[in-house]
Each structure stands twice: as structure tokens, then as C-alpha cells.
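Geometric and topological summary
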Amino acid sequence: MDYFIIGILGSGTKALASLLIQLGNKVCGVDKKEAINDYKGKLKVFDINYFKPIKKYFYIYGNAFKDHPLTILIKNLGYDILSYKEMVNSLSFQTKIQISASHGKTFTTGLLAHLLASSCLIGDGTAKYQNDLEFVYEGCEYQNTFLSYYPNMLIILNVDYDHVDFFKTREEYFEAFKNAAANASSLIIEADIDINHPNKHTFSLSNKNAELYGNIIFQNNLYSIIKLTYKGISKEFKSPFITKYENENLLGAILASLLLGRHLEEIVGRLKSFKRPKRRMNVRVIKGKILVLDYAHHPTQLKALYEYVNNSYPNMKKTIIYEGHTLSRSLYFKEKYKEMLGLFDEVYLYPIYYAREERSSKEREYYKYLRYSKYTVKKIIKKIKNEKQIIIFAGAGKIDLEFEKVYRIILNGNV
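Just so it is clear, the structure is predicted and the values come from calculations on it, not from any experiment. (Residues numbered from 1 in each chain as written. Predicted model: local features only at pLDDT ≥ 70, side-chain atom pairs only at ≥ 80, totals over all residues. Heavy atoms only, no water.)

For the pair helix α7 (residues 244-259) and helix α9 (residues 299-312), interaxial distance at closest approach is 8 Å and the crossing angle is 105°. Considering the angle they form, α7 stands roughly perpendicular to α9. Note on element contacts: α9 touches α7 through Q301, A304, E307 and Y308, opposite K244, Y245 and E246. When the residues that make up the contact of α7 with α9 are grouped by side-chain class, the tally is three nonpolar, one polar and three charged. (Axes fitted to C-alpha atoms, helices over the stretch in contact; angles between N-to-C directions. Helix = DSSP H or I, 4+ residues; strand = E, 2+ residues; numbered from the N terminus. Parallel < 35°, antiparallel > 145°, perpendicular 65-115°, else oblique. Contact = heavy atoms within 4.5 Å. Nonpolar A, V, L, I, M, F, W, Y, C, P; charged D, E, K, R; others polar.)

With 14 residues, α9 extends 20 Å between its outermost C-alpha atoms, agreeing within 8% with the 20 Å of an ideal straight helix rising 1.5 Å per residue. Among all positions in α9, only P299, Q301, L302, A304, L305, Y306, Y308, V309 and S312 are buried. (Expected span 1.5 Å × (residues − 1). Buried < 20%, exposed > 50% of the residue type's maximum accessible area, 1.4 Å probe, protein only.)

This part covers the nonpolar core. In terms of nonpolar packing, the biggest core is built from 73 residues, with L121, L302, L305 and I320 touching the most fellow members. Element by element, the count of residues in this core is highest for α9, at six residues. In contact with L302, other than residues within four places in its own chain, are A296, I320, Y322, Y337, M340, L341, F344 and A394. One finds L116, C120, Y230 and L264 within the second-largest nonpolar core, a separate group that totals 37 residues. (Core = buried A, V, L, I, M, F, W, Y, C linked by side-chain atoms within 4.5 Å.)

Attention now goes to the pairing of strand β1 (residues 2-6). The element β1 is extensively covered by neighbouring structure, given that four of its five residues are classed as buried. Two elements, β1 and strand β4 (residues 58-61), share four bridges in a ladder whose sense is parallel. Across the sheet, the residue bridging to F4 is Y59, located in β4. (Pairing = 2+ DSSP bridges.)

Glancing now at the pattern of salt bridges. Taken as a whole and assessed by the stated rule, the structure comprises 16 salt bridges. Where R284 meets E404, a salt bridge forms, and the shortest distance between an N and an O atom there is 2.7 Å. On the criterion of sequence distance, the pair formed by R284 in strand β16 (residues 282-286) and E404 in helix α14 (residues 399-411) is long-range, its members being 120 residues apart. The exposure class assigned to R284 is partly exposed, which follows from its relative accessible area of 28%. Given the relative accessible area of 25%, E404 is considered partly exposed. (Salt bridge = Lys/Arg side-chain N within 4 Å of Asp/Glu carboxyl O.)

On to the side chain of S204, then. Topologically, S204 is positioned in strand β12 (residues 200-204). By relative accessible area, S204 is classed as buried at 0%. Once residues within four sequence positions are removed from consideration, S204 is found in contact with E190, A191, A210, L212, Y213, G214, E248 and L251.

All right, on to the environment of G324 then. With respect to the helices and strands, the residue G324 is situated in strand β18 (residues 317-325). With a relative accessible area of 0%, G324 lands in the buried category. Separated by 13 residues in the primary sequence, G324 and Y337 place their C-alpha atoms 9.3 Å from one another. Every residue in contact with G324, bar those within four places of it in the chain, is listed here: S330, Y350, P351, I352, Y353 and Y366.

For the rest of this paragraph, the subject is the packing of aromatic side chains. What characterises a pair of aromatic rings is the spacing of the ring centres plus the angle enclosed by the ring planes. What the rule picks out here adds up to 30 aromatic pairs. Judged by centre distance (6.4 Å) and plane angle (10°), the ring pair of F4 and F46 falls under stacked. On the criterion of sequence distance, the pair formed by F4 in strand β1 and F46 in strand β3 (residues 44-47) is long-range, its members being 42 residues apart. Judged by relative accessible area, F4 falls into the buried class, the value being 0%. What makes F46 partly exposed here is its relative accessible area of 31%. Note on F166 and F167: the rings are 4.8 Å apart at their centroids and 90° apart in plane angle, and the pair reads as edge-to-face. Classification of F166 as partly exposed rests on a relative accessible area of 28%. Three or more aromatic residues link up through ring pairs in this structure, and these residues are Y142, F146, Y161, F166, F167, Y173, F177, Y332 and F333. Sitting over the ring of Y295, R280 keeps its end group 3.9 Å from the ring centre. (Phe/Tyr/Trp six-rings, centres within 6.5 Å; stacked < 30°, edge-to-face > 60°. Lys NZ or Arg CZ within 6 Å of the ring centre and 35° of its normal.)

Packing of helix α13 (residues 377-386) against α14 leaves a shortest axis separation of 11 Å and a crossing angle of 45°. Of the possible angle classes, the one that applies to α13 and α14 is oblique. Considering only the axes of α13 and α14, their crossing is right-handed. Contacts between α13 and α14 involve V377, I381 and I384 on the former and, on the latter, E402, K405, V406, I409 and I410. Looking at the contact of α13 with α14 residue by residue, the classes come out as six nonpolar, no polar and two charged. (Left-handed = near helix turned anticlockwise from the far one by under 90°.)

This is the structure in C-alpha cells:
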């Protein structure tokens, strides 16, 4: 089939395009000019402002393009069209496993798909088709997108208030996760999250009453040793992760794998070859310089990022370049951002990525409160020249482009 995706360069839609191609379909699409300018992949992408729809395509629109004039035109023309979430819901797999959480969805989706050797749709823009048996995908809470899905298994890793532009209260946010759980046949959830379900399974690194309880008994800057207790049996294994944040997500993936019939020995064996998704605590060492790129854009994620770099490089200075994501989130959590960024030795602020929001003069309030220097390439290159330190790029917008720019400067010998 010929699919045409409106907003094809979003992380979710780009992954969906990849999956549809692997399933034997032809896929192209449109997006905004600035997204096309930043894109360096192989998909055929047209400028959304100049495309005239034709009947030959089956159209799919990204969640951010539901009210776009092109989407409305295609609907009015009576052409076949589905939303991204409707398309994901229509995919035919025997067992659908949804990962939902405030943080860690992409990491855990990639991890569980690797442990199961299953098909998947990952939030870093990638996807893999293995077979029609098991399918692991992300269910995002923003705009209640995940309420459109009806998975066989739902994994809730954490519930930490976010998306303040859509969810006006913490109670409203938590209620959305409860509603998502009601749509699932079975629920796997961190033991301290108070959501009920008739087929509920729990995991935890701190709650000994969890069905799967993990105790970190050893940790260095390379790995952790975790003692698992499950159904009355205790067993130690080596985890390649060194933060509580990632190890707790790992427990969720292990519990799902066990419930889906995998043996612990098989799970631990596959764990050894896991590679992190894009922009999730990615480290590059180039000419003795250490650069880290991470998607962290919430205070909780920044804390986990600090734990990672501090455990990995305990005796080195840590400089972070942070890109805020949406003005509403940046202002709402400004006190927590100041606290978490204060963990690092030095901080530079990259301009806020507005995403779906309109620019506003209130941005000045954010910078004035944090009181950190603004980022420039020259400042960072000078620091790299004169001091031995870790340079961390964090954010969910375009900070990865700055990371690549600094990497190329070092690679070309200009430091």
C-alpha cells in the first residue's frame, strides 16, 4: 500500500514510517520546511505548504497535525485517512505491549523489544519488524493519546506530573494513567503507584512487597549487581546500568519478559548486547574529550542524568548545556530546574524549544530566575581547550544539533 504521512518527521511518525516500510509498504509524506532542513534520512519528504493531495495514497496524520489545513482538506475530499494513534491501534500483532510513563518510555521500549526480540515502535524515531507475535510501543500521555490504545499488556514505569499545558492539575494527570490502565488486559506497574487492576503485577527497587523486587547489592561506574526476588526465588545478575532510574525501568522490562514466557537466563544473556536508543545518555569520547547527549527535559530526568554522569565519571568536572522544552513546563518547574541544574559544576542555557507553544516575553522570567549564562559554541570550545571535564548536552528539542556541531569541531582538530 502507498501511505502518506502528514508530519512524517516527528519521532513517532518517523518510526511508524520505518515500520510500514519494513512491512512491505511504500511511504512518503510532508512536514514543515524547518524540519525538512534538519532531516538527513532517506524518507521522501515534501514541503507541507506546497503539497496537493491525490487519491492514490492512504493518509496518516501526526498528532500535532490533526487541525492542519492539509489534514482537513484530505478529510473533506473523502480520501482514506487515519490519525497516528488510530494507525498504531490498527496494526495486527498477537500481543501488544504498551510502555507508558512520565519518563523512560523510549529507553524501556527499546530495552524490552531487545529482550523479547520483538517488533517495536520506539520514540527515538526508529522501529523494527521481527514477526507478528509481540509488538512493543510507546503510549504517550500528552493530550491523552494513550487512551486510544487497548494493549494486551500495559507497563507503567512512573507517574510524575508533566505536560502542564494540557493537564491543569496533578490529579487530572494521574487520572489519565488510571484510565489508560483500564484499557489494558493486564497491568505491570511500579509497586508504589496506587492504580488498581484485576490483573496487576508489580516491580520495585524499594518496595519489598513487590511481585518482582530488586535490591542493588553492588555498583561501580560500569555496572550494578542486582539481587532479584520473584515468586519466592532469589537470583543475582549483572545489570549494565548504574542509576536507580534505569535499573528500575529494567525491572519493569524483566517482569514483562518473565510474564511473556522468557527465562531469566535468556533475559540476562540478551541484556549484554543492548544498545541505548538515540539521545538517551549517549556518550562519545573523541580525542580525549567526553561528550554526553541526553533527552532530559524534566527535573526528574535531569536528576537521573546527573546520577549517571556522576557515577560514570566521579572525579571529573561536569558542565551541562541545557535546553528547556516548552515555556509552560520551564516556568512551572523553574524552582526544581534550578535545584537539579545546581547539581552540575557549571551550567549554560540553550534557548527554550517552544515545540507546540507560541513564543512569549515570559521567557525572560525563566532566564532571570535561573541566572545561568547563555550558551555559545565559543564558550564551550574554550572550556574544552582549557579544562578536562565532561560536557553534557541535555534537552528534547534541537540540542542534538549543537552536540553534533561541537563533536565535528573536535573531530576536525579545531580544539
